There are 2 protein chains.
Amino acid sequence: MSDTFVVVGGDAAGMSAASKAKRDDPDLEVVVFEKGEWVSYGACGLPYYVKGEIQSLEELVSVTPEQFREERDIDLRTGHEVVAIDPDDRTVTAESEDGTVTQSYDSLLLATGAAATEPPVEGTDLKGVYTLGSMSDGKELREYVARAREDETFQQPDRGPACQYLEDCTGPVAVVGGGYVGIEMTEALAANGFEVHLFQRGERLLPAFGEATSEAVADHLREQDVRVYLGSEVEALEGEDAVETVVAADERVDVEMALLGTGVRPRTALAEDAGIELGPTGAIATDPYRETSADDVYAAGDCAEATHAVTGEPAYVPLALTANRHGRAVGQTVAGRPTTGGAVAGTAAIKAFDVEAARTGILDHEEAREAGFDPVTETIDANSRAGYYPEDGTVTVTLTADRDTGRVLGASLVSEYGEGAVHRSHAVVAALYEGAAVEDLENYDLAYAPPFNTTWDPVLVAAKVLSGELR
Amino acid sequence: MSDTFVVVGGDAAGMSAASKAKRDDPDLEVVVFEKGEWVSYGACGLPYYVKGEIQSLEELVSVTPEQFREERDIDLRTGHEVVAIDPDDRTVTAESEDGTVTQSYDSLLLATGAAATEPPVEGTDLKGVYTLGSMSDGKELREYVARAREDETFQQPDRGPACQYLEDCTGPVAVVGGGYVGIEMTEALAANGFEVHLFQRGERLLPAFGEATSEAVADHLREQDVRVYLGSEVEALEGEDAVETVVAADERVDVEMALLGTGVRPRTALAEDAGIELGPTGAIATDPYRETSADDVYAAGDCAEATHAVTGEPAYVPLALTANRHGRAVGQTVAGRPTTGGAVAGTAAIKAFDVEAARTGILDHEEAREAGFDPVTETIDANSRAGYYPEDGTVTVTLTADRDTGRVLGASLVSEYGEGAVHRSHAVVAALYEGAAVEDLENYDLAYAPPFNTTWDPVLVAAKVLSGELR
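Residues numbered from 1 in each chain as written. Chains lettered and ligands numbered in written order. Predicted model: local features only at pLDDT ≥ 70, side-chain atom pairs only at ≥ 80, totals over all residues. Heavy atoms only, no water.

Applicable threshold: UniProt positions are given in the numbering used here, feature names are shortened, and annotations may be inferred rather than shown by experiment.
An unreviewed UniProt entry annotates chain A as CoA-disulfide reductase originating from Natronococcus jeotgali DSM 18795. In its Sequence similarities (unreviewed entry) section, the UniProt record describing chain A reads: "Belongs to the class-III pyridine nucleotide-disulfide oxidoreductase family." Under the UniProt heading Cofactor (unreviewed entry), the note attached to chain A is "FAD".

1. Some details on the overall build of chain A
Quick note on the threshold: Here a strand is any run of E in DSSP of at least two residues, a helix any run of H or I of at least four, and the numbering for each starts at the N terminus. Both definitions apply: the radius of gyration is a C-alpha atom measure, and the globule rule equals 2.2 Å times residues to the power 0.38. Categorising residues by exposure relies on relative accessible area from a 1.4 Å probe, with only protein chains included: less than 20% of the type maximum marks a residue as buried, more than 50% marks it as exposed, and the intermediate range marks it as partly exposed. Contacts are assigned to residue pairs that have any heavy atoms within 4.5 Å of one another. When charges are counted, Lys and Arg are positive and Asp and Glu negative, with His and the chain ends excluded. By convention, charge coordinates are those of NZ in Lys, CZ in Arg, CG in Asp, or CD in Glu.
Regarding its fold elements, chain A presents twelve helices and 25 strands. Taking 2.2 N^0.38 as the reference for a compact globule, 471 residues should give roughly 23 Å; the C-alpha atoms of chain A span a radius of gyration of 23 Å, in line with that estimate. Seen through its principal axes, chain A has C-alpha atoms that stretch 70 × 60 × 40 Å. Residues counted as buried form 60% of the 471 residues belonging to chain A. In chain A, the proportion of contacts linking residues at least 24 apart, taken out of those at least 6 apart, comes to 63%. Charge centroids of chain A, computed over 35 positive and 87 negative side chains, lie 4 Å from each other.

2. Details of the environment of B:Tyr289
Residues and elements named next belong to chain B. Relative to the helices and strands, Tyr-289 is located in the loop between helix 7 (269-273) and strand 18 (297-299). Since its relative accessible area comes to 33%, Tyr-289 is described here as partly exposed. Dropping the residues within four chain positions of it, Tyr-289 is found in contact with Tyr-298, Val-330, Thr-333, Pro-338, Thr-339 and Thr-340.

3. Here's the deal with the UniProt feature "domain: Pyridine nucleotide-disulphide oxidoreductase dimerisation" (unreviewed entry) in chain A
As recorded in UniProt, the feature "domain: Pyridine nucleotide-disulphide oxidoreductase dimerisation" (unreviewed entry) lies at residues 349-453 of chain A. Note that residues 349-453 of chain A is 23% helix and 36% strand, and that its end C-alpha atoms are spaced 20 Å apart.

4. Quick word on the pairing of strand 25 (residues 408-416) of chain A
Residue and element names in this part refer to chain A. Spelled out, the test is: Whether two strands pair comes down to DSSP finding at least two bridges between them.
Along strand 25, eight of the nine residues are buried, which leaves the element largely enclosed by surrounding structure. Sheet topology note: the strand 22 (residues 355-361)/strand 25 ladder contains seven bridges and is antiparallel. Note that in strand 25 the partner of Ala-358 across the bridge is Leu-413. Two successive antiparallel strands, strand 24 (residues 394-402) and strand 25, enclose a turn made up of five residues, where Gly-406 displays a positive phi of approximately 75°.

5. Re the environment of B:Arg337
With respect to the secondary-structure elements, B:Arg337 resides in the loop between helix 8 (320-334) and strand 21 (348-352). It is 39 Å that separates the C-alpha atoms of B:Arg337 and B:Thr131, two residues lying 206 residues apart in sequence. Apart from the residues lying within four places of it in its own chain, the contact partners of B:Arg337 are A:Arg471, B:Asp24 and B:Gln332.

6. Quick word on helix 8 (residues 320-334) of chain A
Residue and element names in this part refer to chain A. Condition: What a helix should span is 1.5 Å times the count of its residues minus one.
Given a rise of 1.5 Å per residue, 15 residues ought to cover 21 Å, and the 21 Å separating the end C-alpha atoms of helix 8 matches this to within 8%. By the criterion of burial, helix 8 is predominantly enclosed, with 15 of the 15 residues buried. Just past helix 8, the residue Gly-336 takes up positive phi, approximately 115°.

7. Digging into the nonpolar core
Convention followed: The criterion is simple. A nonpolar core is a set of buried Ala, Val, Leu, Ile, Met, Phe, Trp, Tyr and Cys residues joined through side-chain atoms within 4.5 Å.
Core analysis: the biggest nonpolar cluster contains 78 residues, and A:Leu399, A:Tyr444, B:Leu399 and B:Tyr444 have the highest contact counts within it. Here A:Tyr444 is in contact with A:Ala427, A:Ala431, A:Ala436, A:Leu460, B:Leu321, B:Arg325, B:Val429, B:Ala430, B:Tyr433 and B:Glu434, once residues within four sequence places are set aside.

8. Description of the packing of helix 1 (residues 12-24) of chain B against helix 8 of chain B
All names here are of chain B. Our working rule: Note on definitions: angles span 0 to 180 degrees between N-to-C directions of axes, and those axes are lines fitted to C-alpha atoms, for helices only across the stretch in contact. An angle below 35 degrees is treated as roughly parallel, one above 145 as roughly antiparallel, one from 65 to 115 as roughly perpendicular, and anything else as oblique. Throughout, a crossing is termed right-handed when the near helix is turned clockwise from the far one, and left-handed when it is turned anticlockwise from it by less than a right angle. All amino acids are sorted into three groups, where Ala, Val, Leu, Ile, Met, Phe, Trp, Tyr, Cys and Pro are nonpolar, Asp, Glu, Lys and Arg are charged, and the leftover types, Gly among them, are polar.
Running from N to C, helix 1 and helix 8 cross one another at 30°; their axes reach a closest spacing of 7 Å. One finds that helix 1 runs roughly parallel with respect to helix 8. The two elements helix 1 and helix 8 cross, and the hand of that crossing is right-handed. Each of Ala-12, Ala-13, Ser-16, Ala-17, Lys-20, Ala-21 and Asp-24 in helix 1 lies in contact with helix 8, whose residues at this interface are Ala-323, Asn-324, Gly-327, Arg-328, Gly-331, Gln-332 and Val-334. Across the contact of helix 1 with helix 8, the residue classes break down as six nonpolar, five polar and three charged.

9. A word on the interface of chain B and chain A
For an interface, size is often stated in terms of accessible area lost upon the parts coming together. Note the threshold: A quick way to say it: buried area is the sum, across both parts, of accessible area lost when two parts are put together, with a 1.4 Å probe. We count a salt bridge whenever a side-chain nitrogen from Lys or Arg sits within 4 Å of a carboxyl oxygen from Asp or Glu. Nitrogen and oxygen atoms within 3.5 Å of one another constitute a polar contact, given that in protein one can donate a hydrogen and the other can accept it, and given that sequence-neighbouring residues count only through two side-chain atoms.
Contacts between the two partners involve 67 residues from chain B, matched on the other side by 66 residues from chain A. When the two sides are added together, the surface that chain B and chain A hide from each other amounts to roughly 5600 Å², 62% of it contributed by carbon and sulfur. The largest contributions to the chain B side of the interface with chain A come from B:Tyr388, B:Asp445 and B:Phe452, which together make up 15% of the buried area. Linking chain B with chain A are two salt bridges, by the criterion used here. Of the charged contacts in the structure, one is a salt bridge between B:Arg328 and A:Glu442, with a shortest N-O distance of 3.4 Å. There are 27 residue pairs in polar contact (both at pLDDT 80 or more) connecting chain B and chain A. Elements supplying a minimum of two residues to the side of chain B that touches chain A: helix 8, strand 21, strand 22 (355-361), helix 10 (421-433), helix 11 (438-442) and helix 12 (458-470) of chain B. The biggest single contributor to the side of chain B that touches chain A is helix 10 of chain B, with nine residues.

10. Details of helix 12 of chain B
With 13 residues, helix 12 of chain B extends 18 Å between its outermost C-alpha atoms, agreeing within 8% with the 18 Å of an ideal straight helix rising 1.5 Å per residue. Looking only at helix 12 of chain B, the buried set comprises B:Pro458, B:Val459, B:Leu460, B:Val461, B:Ala462, B:Ala463, B:Lys464, B:Leu466, B:Ser467 and B:Leu470. Where helix 12 of chain B is buried, its residues contact helix 8 of chain A together with strand 23 (375-383), strand 24 (394-402), strand 25 (408-416), helix 10 and helix 11 of chain B.

Now the structure itself:
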């Protein structure tokens, strides 16, 4: 009899694992339980759907449930919520409209993802308060925008940044949290004419991106007439039935809607109930092959820890590429070829209106010191193209290295959209993975031609300056 | 008495060395002999000047002779041609309008650059036959374009690709050679309404970029109504006084002008006359610190060899970044801190109309086998942005690795301009320098967000596919 591989959760990690396992070992029986109706969807695209640049949720789905079932021969059971795992009996129990089923497994993958967190304040249950964690959240938000615009089937962003249309502005609305979701949703809402008030608890937006990038993004949002409140923790959402006022430390702002983008937490309850260990980050602990403390039980994606490429320590970085990659690795492993899927570097990218930014590795000096490094950082501005080239712009690069070894620890880049901050970060990611020193990075023969950089790409300029500092 | 550092040649390598040496050791006497009047100019920008996107040659100059003399305290002698070196006496002899001078040195840098080659055919001395090797070449070509346009001070490209205006086309003109200069000048001329006939001896444009990129560029040039002749070696240029006809193997084309872009050769005569050794590539041989066979005589830039990052063997790659970097390294070395400046990977980038491309490392299988590798290549097409993102395009990636070790050997990428083929190549360059295997590259945590790539960047997709092939 053939082995059975059971997957809990049908998004990036789960479906990557299921697909890869079945492809590599067609004899394997692959069963996926997904509690909702959507699988394998691009949650990263939700802000663009709400904005109106994407017209249907279906466009975010890379492979449909029918394709998984019919073309990939995967036993995909949507509408099935797994409520218990028994690692001793090697079974999972799932509930659906049709009742309860118990399914035995030889290998099991927990790919339960993460849930949007809500700030611990009064009023988050008022009407008009949203999060953006799921396809249905996206649908509700788009419907909200459509209602506010009085245009139910709008096909594109309405009016550009609110600044241009303040006299007939929709809104005002609040976005709580200045991370990826908060900023992407700020753009989505402002582009539809909403007056957006963005509240960030700490002193910087995108704090993981370092000071220079955070400030560039904040400046740019303000240029777009977004009201940015830094160091402004939201203390309550007030209203009768629906939200009417956001109360922060020094502000009271009347709003018609509030979007909470205050991060995510790993969904670990199922694992915990089964006695599976969590790691120091609070996500499910795994070995390099993503195996948990229970034999033949794996965890991957936004519910699980990974290993940091720079520190070698457990890290929780719930992003799409890792979910895909680790899911795929588990698929290969259970199909007979053990695969780690590699480490994570905390790399992330964001577009905010006409600015793009990326970050990777360790930038924060305290974090670097805790990992045993003696961090040194330089920030430089460099031309994005040859100075004489007509479309010249600027890229700001922040580069951090260890003083003793010169090892590259992390970087953040920001530029106008289209000037390449994000793709230019790739060289630094590679350097991190290879344990390269700044002097190595400085000597990379990166592609040059006048339309793409100055003779020294901005990353090389940063390496050159930091390398000088390290001597 | 302070030491004297003499530099022969005042472009990228020479002025980088002079500037760095003087900055690091202000007591050093730094003398630069440059036979022309221009120093430190961006020859890479000349096609854009001819095209009309840059308005004056001065814009291509990053530092003026006056700045070198006054701000950087460098004894820069333009209009001085060095005619002899005596490594035993440690002197150079230079001629100028004012006569002959002999200058002694403690350290000497040969930065004599490269000269445009001409194909060994009849008629290259006819009027209307141009090369693009120097600022004065650029000036003449722009004057030619201005005359043909009957607009002496044109401020921008005139009419877009010739295809749109064939009925009132200027030209026809020939471009001989399908490398960087040939293709960039094809764009410059076609954008001004010339009917351009591009002759390439071999079967592929940009042969170093591999088949997929070469074909993509050729297809795109044809879309722009450039007449591309492949496998068409030019046998003669014919004309009474000025060029009138290009004669190739199977073609006779009447033209009003011909631009020769058939490569460059290192200027080594001065070194050879002084008994300094050339290497296997025909350029000046150097050690890792760019020192030649003569003590304290260095060579850097387009006249000298470098070491290839993948093979460890001597390589001749006359491009701007290496010249800058090795010049700077020599400057550091003579100022007391020996610096290699690193290897080269043969990385290059080009924009051709609305297409961009980059290549790095070793793609050619014969070349790879000669270096002791067993090459395997895969070419993939991948989305440049999330499939659902509105501005979606395609990036074609060709990736070559060694079968036994999995080591990444080289890559070529091509995309629409703006879709990131060039900047995405940076990750592969880094992988080459670090001796990374395809499986390592596959696991890099490259920055992802929907406006910049699919969850797997095209480079990761290529690595994933090639990695599968290697098992």
